[in-house]
Amino acid sequence: MDDVKQRKIIEQLQMGSEMTVYQKRTERITVQVIMETMQVALTRSGDRIVKVVDISELKEVRQWETFKDFQRFNENRGSAFRRIFCQSEKDVQQDRKTCFTIFYGSDFTLKSLSLNAHSVEDAEKWLTGLELLKQETLAAHTPVIIKSWLRKQMYSVDLTKKNSITLKELKSLLPQMNFNVPSGRFLEDRFKEVEANDYVLDFLQFHKLYEILIFENQTLLMEEFEKGPARSIMSNIDRPDSSVVALYDFQNFLLYQQKEAWATDLIKVQNLMTIFIDDPTRRTKDPAFTIGEFLSFLFSKENQICDDKFSEICPLDMNNPLSHYWINSSHNTYLTGDQLRSESSTEAYVRCLRLGCRCIELDCWNGPDEPVIFHGRTMTSKIKFKDVVKAINNHAFATSQYPVVLSIEEHCDIKQQKMMAQTLRDVFQDKLLTEPLDPEAEHLPSPNQLKGKIIIKHQKIKENDHTIKPEEEEENTAVKIKLDNFRKIANTYREKIRKSKEISLVEKEGELSIWDPIDKRFYKHDCVISDNKLYYSEEKWEEQSTQIKDSSELHLSEPWFHGRLAEGRITAEKLLRDYCKGTDGNDETFLVRESNTFIGNYCISLWTRGRIQHYRIFCFPENGHKIFFLKSKECFPSMCALIDYYRQQSIDYDRFNLCLKNFLPRLNFEPLHHMGWFYSNMSRAEAEDCLLRIPRDGAFLIRKRNERDTFALSIRSEGDIKHYKIFRKSSKYVLADAYEFFSLEDMVSCFRNQQFAGKTKLRYPVTPQLVERFCMEDLSTYDSEQDSEVIEDNPLGDQCKGVVDILKCNAARKAKHGRPLVVTLLNKENQKLTEFTCEIVEQLDEWYLVILNIIQREQSLEKSRKAEVESKTKIAIEMSNMVVYCQSIKKKTFDNFMQLNSALFSLNGGAGYVLKPEWMRDPTRRKPAKQSIRIRVLAARHLPNPDHIVSPFVQVELWPNSGQAEDYTFKTTLFKDNGLNPVWLGPMNPPKSFEVNEPDLAFLRFVVFEEDMFSDAKFLAQATFPFRCICSGYRSVPLKNRFSENLELASLLVHVQQYEV
């Protein structure tokens, strides 16, 4: 495809297309590409962007209906998909070509966005265009990425979309950029430097301000350069646009400091400099860097520490026997989490293959009708063998064309093994290697010979044995030992459980106020700490005190209260007569009004038997509150209470025995609650849309229906939306033909305190303000419920609403949410927060100490438990001529060993095959000489921001390591409150030298930590490199997250020197 067609496709993507998005429900939405920020944006009506996907995080765009989002909508005939769009089977088949899924993210388990385009042509346009943009983003130079990043920052606070940013907005933005604004007139002075008018920056001024800020703290770096490599080329280092680095000086810097052999070519040096010069008038044949541009180059990926030649596949190195390679392998590939209870998924196979794995594992077991894959004798879910094989066939060679090995762990009987064999033949066809390439060959074939082939690794079955049972196959010594060990572990756990039940004690109980993130307030709960868990009850509603406080005014929002009528009794009689005359059904209709005769009192006007009676309601203060009564024997705290009483009891007053049945509603009545959970003009679909945005069961609203005197209660219960009809009968509201109330407020008040239909309380009124707050949330990443799974046997019994496992949490306490002291429990696995406080600080301290004691008491046992449950496998670096399978740890918990594994297989272009060193392949060859490396960490830029400004430090490690820690690791000092541009210079941060015994097998690892509230090191970023690809000089270290995914613009600047020992 030529450049003109490519540009045309991208322009069409910028204009946007209306598509159907598949999430919890289908929705029509506009999808478009924003080139300035390199993002895919989903926009609702009014140009409101509700979701963006960074193209830099885009991993795959997949067509067809095979992904689960489309399956969920297509599998059942009565599904919402067909019901909403009235699609026939033919239309559904057509959707296979118009539907596609965008996979994106920076974790092992990717997020997905499933879309249905208007036509096949539109879908193909997006598939092609997104792939072009993905490649363009990967190839983008650092200055382009910086501009895109700055645009994203500006648009994140530019709510008016005026393409500018004010001083106030900048003050809120800089902490998000990991920069702590100094006090005083710091920003005002910088605004003057960029010549901003009225304290408003356009994008060019914002870019210039960024250059000033990023340079501000790193002038110390230039002083370092003045003493060393750049002392002859820099004269003025006060401003980022001052001084120059001339073309020939920069060439000398590359040749003699950076040891770049290619820099002898002056044209290549000119081209490199042109990338970082923003001003087109300065892009000449004799370019020159400003100080700011020179620093940008030093921190850029164009100056990275890893030699580019190792990121390319070397075809000549792929002609060796398979046994000469380390092969990128995966253990328990099907799992998305731990080995006991996690989900098995075909997507895990897809992800591993696309990450470059060339050896994947299939644990095959007998299924009801066909083989399945799961982790045997555990609670992991099962997937069909056939589905896994199809997924492998579709994605095996997406990243690398070199052979894929299927390591089959067989537990099936002969019948289902034959089914497996047939499936492999049918799906893989000619990709499947079924015969040796050369039966006479002395060595294994090479990766080049096996390109595009799938190899099966499986135990051989004897031809005459057709009665082999899987359990008999496992009866060998190794398996017996494993089973015995599992039995011992199980018996140990049973004994621990038995003892824990015997000594189970309630360590603390009482009342705590727990923070509700939806209502943004504390609610009181009964709480108990027992069995290392915090149990809490349903929230206690505290509306009663508020009602008492304002009870004398509650009647103002009632429809039967008419306030002060112009002519008092005369007007009341006229209204009742007009409303009731000629109808028998309206007998005993009433209204309440202010008394014109007795000021401060009220009057009931009642129609009965064709006549109108008036009854005085007395109102007197008592103990700071008003009381209401018709006769002094029966007093009420509010007029509402009085009216409710006499609607059920007859009025024995002046020899009359009457009852208040129906009321005359006030003209143009609009009660106060209509501003909250009541909606007079809302459809069923709009109600569902609002309720789906509130991620809690118990969210509710009441809406008026088109039928006269009918309403609907819409409530979120058990993750679904349910609707219940309400109709008005006489003066009462009847809900679901089962409950009667005098008002909608009574209905809501009743079910706030007790469960409706035995399932859910009306907990969260869905007001317009609450909906607006959640419109901007990414609901795909939001927990639908905060409550944990509650076991039946708990100290609170049926009253228990949730439980927090204290052993999985970090505990802290500080002032928060307007309270002087709040205890925070942060779950280390799912990052859920539980925050609570007490009215008395001393009581809160007691709770905190109990929790702290539990964590400390169990800390030593936690490691042993994990060792019994999880397999800890490391990179196998063995000096042998056997094929080495590098088993990976579970993909959701990437640690330093998986990061080392990722670094190793980043070599050779990520092909999945890395040639072993020559001395490991040929015993006659000698090992290379030992080397020494001298490293100094100088500075960093754009460190990740975990919702606060970080205080970072850097740890450098040499792997493999042994002996004293000082021989293979060192740390910088802590740099306080700056993650944008910290610097580590001076005598407290000297260079460190390492002696490398095995240069071919060594790795260099950089880890960035921050110090948390417990003074513990908290991981921020890392970068790991094979020692053999390290370059000398002043180098940028591009940082990655724990899953070895790139972090945008995050980098270290280090100085490296290498010597032979």
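Above this note sits the structure.
Bear in mind the structure is a predicted one, so any value in this text is a computation, not a measurement.

**Here's the deal with the overall build of the protein chain**
Each helix and strand in the protein chain was counted, giving 27 helices and 48 strands. Relative to its 1061 residues, the protein chain shows a buried fraction of 49%. Long-range contacts, defined as pairs at least 24 residues apart, comprise 61% of the intrachain contacts of the protein chain with a sequence gap of at least 6. Surface exposure of the protein chain reaches about 54,100 Å², of which carbon and sulfur atoms provide 49%.

**Comments concerning unusual backbone geometry**
Cis geometry is found at the peptide bond from Trp-959 to Pro-960, where omega equals -10 degrees. With respect to the helices, strands and loops of the structure, Pro-960 is situated in the loop between strand 42 (952-959) and strand 43 (969-971). Even without a glycine there, the phi angle at Asp-531 is positive, about 55 degrees. The phi dihedral of Asn-532 is positive, around 65 degrees, even though this residue is not glycine.

**Details of the state of the cysteines**
What the rule picks out here adds up to zero disulfides. Between Cys-352, a free cysteine, and Cys-357, which holds the nearest cysteine sulfur, the sulfur-to-sulfur gap is 4.6 Å.

**Considering the packing of helix 15 (residues 385-395) against helix 16 (residues 414-428)**
For the pair helix 15 and helix 16, the least separation of the axes is 10 Å and the interaxial angle reads 25 degrees. Taken together, helix 15 and helix 16 sit at an angle that is classed as roughly parallel. In the packing of helix 15 onto helix 16, the handedness of the crossing is right-handed. Residue-level contacts link Phe-385, Lys-386, Val-389, Lys-390, Ile-392 and Asn-393 of helix 15 to Met-420, Thr-423, Leu-424, Val-427 and Phe-428 of helix 16. Grouping the amino acids of the contact of helix 15 with helix 16 by side-chain chemistry returns seven nonpolar, two polar and two charged.

**Section: the packing of helix 11 (residues 247-257) against helix 13 (residues 291-299)**
Where helix 11 contacts helix 13, the two axes come as close as 13 Å, and the packing angle between them is 25 degrees. With respect to helix 13, the axis of helix 11 lies roughly parallel. The handedness of the crossing between helix 11 and helix 13 comes out as right-handed. In this structure, helix 11 contributes Phe-250, Phe-253 and Leu-254 to the contact, and helix 13 contributes Phe-294, Phe-297 and Leu-298. A breakdown of the residues in the contact of helix 11 with helix 13 according to their chemical character gives six nonpolar, no polar and no charged.

**Notes on the sheet that holds strand 7 (residues 111-116)**
Strand order in the open sheet formed by seven strands is 4-3-2-1-7-6-5, with antiparallel pairing between adjacent strands. Of all the strands in the sheet, just strand 4 (48-54) and strand 5 (58-63) have a single pairing partner and so form its edges. Across the sheet, the mean angle from the axis of one strand to that of its neighbour is 35 degrees, orientation sign disregarded. As defined by bridge partners, strand 3 (residues 39-44) adjoins strand 4 across six bridges and the pair is classed as antiparallel. When the sheet's bridge partners are listed, Arg-44 is paired in strand 4 with Arg-48.

**Remarks on the packing of aromatic side chains**
Going through the model one piece at a time under the given rule, you end up with 30 aromatic pairs. Here the aromatic rings of Phe-191 and Tyr-199 are separated by 5.9 Å at their centres, their planes lie at 50 degrees, and the arrangement is tilted. The exposure class of Phe-191 is buried, given its relative accessible area of 1%. Judged by relative accessible area, Tyr-199 falls into the partly exposed class, the value being 34%. Judged by centre distance (6.0 Å) and plane angle (85 degrees), the rings of Tyr-325 and Tyr-913 are edge-to-face. Of this pair, Tyr-325 sits in strand 12 (residues 325-328) while Tyr-913 sits in strand 40 (residues 913-915); the two residues are 588 residues apart in sequence, bridging distant segments of the chain. Overall, the relative accessible area of 0% leaves Tyr-325 in the buried class. Members of the aromatic cluster, joined through ring pairs, are Phe-250, Phe-253, Phe-276, Phe-289, Phe-294 and Phe-297. Here the basic side chain of Lys-382 rests over the ring of Phe-374, its NZ or CZ set 4.8 Å away from the ring centre.

**Quick word on the pattern of salt bridges**
Applying the stated criterion across every chain yields a total of 32 salt bridges. Residue Arg-282 pairs with Glu-293 through a salt bridge whose shortest N-O separation is 2.7 Å. Taken as a pair, Arg-282 in the loop between helix 12 (266-276) and strand 11 (288-289) and Glu-293 in helix 13 lie far apart in primary sequence, 11 residues in all. Taking the relative accessible area as the measure of exposure, Glu-293 reaches 11% and is therefore buried. Residue Lys-524 is joined to Glu-511 by a salt bridge in which the shortest nitrogen-to-oxygen separation is 3.9 Å.

So, how was this worked out
Residues numbered from 1 in each chain as written. Predicted model: local features only at pLDDT ≥ 70, side-chain atom pairs only at ≥ 80, totals over all residues. Heavy atoms only, no water. Helix = DSSP H or I, 4+ residues; strand = E, 2+ residues; numbered from the N terminus. Buried < 20%, exposed > 50% of the residue type's maximum accessible area, 1.4 Å probe, protein only. Contact = heavy atoms within 4.5 Å. Areas by Shrake-Rupley, 256 points an atom, 1.4 Å probe, with all protein chains shown as cover. Disulfide = S-S within 2.5 Å. Axes fitted to C-alpha atoms, helices over the stretch in contact; angles between N-to-C directions. Parallel < 35°, antiparallel > 145°, perpendicular 65-115°, else oblique. Left-handed = near helix turned anticlockwise from the far one by under 90°. Nonpolar A, V, L, I, M, F, W, Y, C, P; charged D, E, K, R; others polar. Pairing = 2+ DSSP bridges. Phe/Tyr/Trp six-rings, centres within 6.5 Å; stacked < 30°, edge-to-face > 60°. Lys NZ or Arg CZ within 6 Å of the ring centre and 35° of its normal. Salt bridge = Lys/Arg side-chain N within 4 Å of Asp/Glu carboxyl O.

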